[in-house]
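# An overview of the molecular structure
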Amino acid sequence: MTMPHRIGFIGLGLMGRAMAMNLHNAGFRVAVYNRTRADTTEFADLGCTVAATPKALARNSDTIITMVSDMAAMDAVLEGPEGVLPAFTGGSTLINMSTLSPEYTAALAKKCFISGVEFLDCPVAGSKPLAEKAQLVILAGGKKETVEKLSPVLKAMGRAIVYAGQAPAGTALKLCMNLLVAQMTTALAESAALAAAQGLDPQLLFSALEESPALNCGYFRMKKDNIINRDFPPAFQLKHMLKDARLMLAEAARAGLELPVTAAVEKLLAKSYNNGYGDKDLSVVLRSLTEK
Ligand code: NA7
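Keep in mind that what you see is a predicted model, and the values were worked out from it rather than measured.

## Structural notes on the site of the ligand
Near the ligand you find 22 residues, and of these L14, N34, T36, S69 and K243 are the closest. The separation between an oxygen atom of the ligand and a polar main-chain atom of T99 is 3.0 Å. Taking K243, its side chain carries an N or O atom lying 2.7 Å from an oxygen atom of the ligand. When the ligand is considered free in solution it has 790 Å² of accessible area, and contact with the protein chains removes 87% of it. Among the elements of the structure, helix 1 (14-25), helix 4 (71-78) and helix 13 (238-254) are those that each provide at least two residues to the shell around the ligand. Of the residues assigned to the shell around the ligand, the class counts are nine nonpolar, 10 polar and three charged. Composition of the shell around the ligand by domain shows at least three residues from each of domain 1 (6-165) and domain 2 (173-290).

## Details of the domain arrangement of the chain
By the assigned domains, the chain splits into domain 1 (6-165) and domain 2 (173-290). Between domain 1 and domain 2, the C-alpha centre-to-centre distance is 28 Å. At the interface, 19 residues of domain 1 touch 15 residues of domain 2. Approximately 1,300 Å² of surface area, both sides summed, lies buried where domain 1 meets domain 2, with 72% of it carried by carbon and sulfur atoms. For domain 1, the biggest contributors to the area lost against domain 2 are L14, T99 and L139; these three give 34% of the whole.

## Points about helix 12 (residues 218-229)
All buried positions along helix 12 are accounted for by Y219, F220, K223, K224, N226 and I227. In this structure, the buried residues of helix 12 make contact with helix 10 (169-197), helix 11 (202-211) and helix 15 (285-290). Positive backbone phi, at 50°, marks R230, one or two positions downstream of helix 12.

## Remarks on the pattern of salt bridges
Enumeration according to the criterion identifies 11 salt bridges in this entry. Salt-bridge contacts for E42 lead to R17; the nearest nitrogen and oxygen are separated by 2.5 Å. A residue pair is termed long-range when its members are at least 10 positions apart, and E42 in helix 2 (residues 41-45) and R17 in helix 1 qualify at 25 residues. Assessed through its relative accessible area of 30%, R17 is described here as partly exposed. A salt bridge links E266 to R246, with the nearest nitrogen and oxygen atoms 2.7 Å apart. Within this pair, whereas E266 is found in helix 14 (residues 260-277), its partner R246 is found in helix 13, the two being separated by 20 residues in sequence.

## Some details on the side chain of T186
Considering the arrangement of structural elements, one finds T186 in helix 10. For T186, the contacting residues outside a window of four places in its chain are V265, L268 and V285.

## Digging into the packing of helix 11 against helix 12
Axes are the key here: two packed helices are described by the angle between their axes and the distance separating the axes. Following both chains from N to C, one finds helix 11 and helix 12 inclined at 170°, their axes separated by 10 Å at the closest point. Here helix 11 is positioned roughly antiparallel relative to helix 12, judged by the angle of their axes. Packed against helix 11, whose contacting residues are P202, Q203, F206, L209 and E210, the element helix 12 presents F220, K224, I227 and I228 at the interface. The class makeup of the residues in the contact of helix 11 with helix 12 is six nonpolar, one polar and two charged.

About the thresholds
Residues numbered from 1 in each chain as written. Predicted model: local features only at pLDDT ≥ 70, side-chain atom pairs only at ≥ 80, totals over all residues. Heavy atoms only, no water. Near = heavy atom within 4 Å. Polar contact = N/O pair within 3.5 Å; in protein donor to acceptor, adjacent residues only side chain to side chain. Areas by Shrake-Rupley, 256 points an atom, 1.4 Å probe, with all protein chains shown as cover. Helix = DSSP H or I, 4+ residues; strand = E, 2+ residues; numbered from the N terminus. Nonpolar A, V, L, I, M, F, W, Y, C, P; charged D, E, K, R; others polar. Domains from an automatic or database assignment. Contact = heavy atoms within 4.5 Å. Buried area = accessible area lost by both parts, 1.4 Å probe. Buried < 20%, exposed > 50% of the residue type's maximum accessible area, 1.4 Å probe, protein only. Salt bridge = Lys/Arg side-chain N within 4 Å of Asp/Glu carboxyl O. Axes fitted to C-alpha atoms, helices over the stretch in contact; angles between N-to-C directions. Parallel < 35°, antiparallel > 145°, perpendicular 65-115°, else oblique.

Right under this line is the structure:
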């Protein structure tokens, strides 16, 4: 790819801020848009252009990357008179890295195709600490040649690209990955709650896990401090996993597949959300196991 390649980044939340910063640090010309403009200050201080609207950003970008909450947020930044889509011209590329439904993603791919815009469906595996270290795994859907052409951009944010097939295959794979994350988190929380209920120090659980060649995994280690300290600063907010659990169940239902454990996990996530923990790390489900 010939540099500079003009990248417009939309959505400077927990993940997007780190990803946009890694693109800037890799030498790409990055301009940004965020609904809450105050969160663009550090990019302005680095000399990045801050666009007033998604449309203004799209007008001056070759590639737009979106990393926003959900489908409503995507509609807000893409559609309408100040959205990306009306300003985007043939030959531009849209890379969505948010987790949306496969159905929404397929419809977006079609809309882009009709407008002559290249579309990549690239959600990521990994939360804030891995985003900060550019260690995400990019789950890529779309035309293989486009993924290859844009791999320098994707590699600036992640350690690896796993090509899944045409869109929405990236999103489909992401839901499978997050099914594991959701279940591993709730399993860890239930295990710690059972340890405490039996009068054990939860630290013992981690000591045993760390000695086990099979169970000593990076994910449990990442959540150790949260569980031991019962403090849940967000690496991945519970509200986003609740959205994803519902997307998994909807996809399974469409295929006539039952996911009984995921259904139980969704109930626990919903309980935590209703307890007011939506913005905490999803490991906060530990609290909801012991609260009425
Ligand atoms: P965050 O930290 O919740 O960030 C969400 C971003 O989406 C943030 O920039 C928001 O802007 C933006 N957003 C949310 N709603 C809107 C609307 N209506 N219009 C415009 N922009 C909006 O999420 P993460 O970074 O952890 O995750 C992002 C995605 O990756 C998500 O799909 C996860 O499931 C995976 P704000 O700063 O609030 O103005």
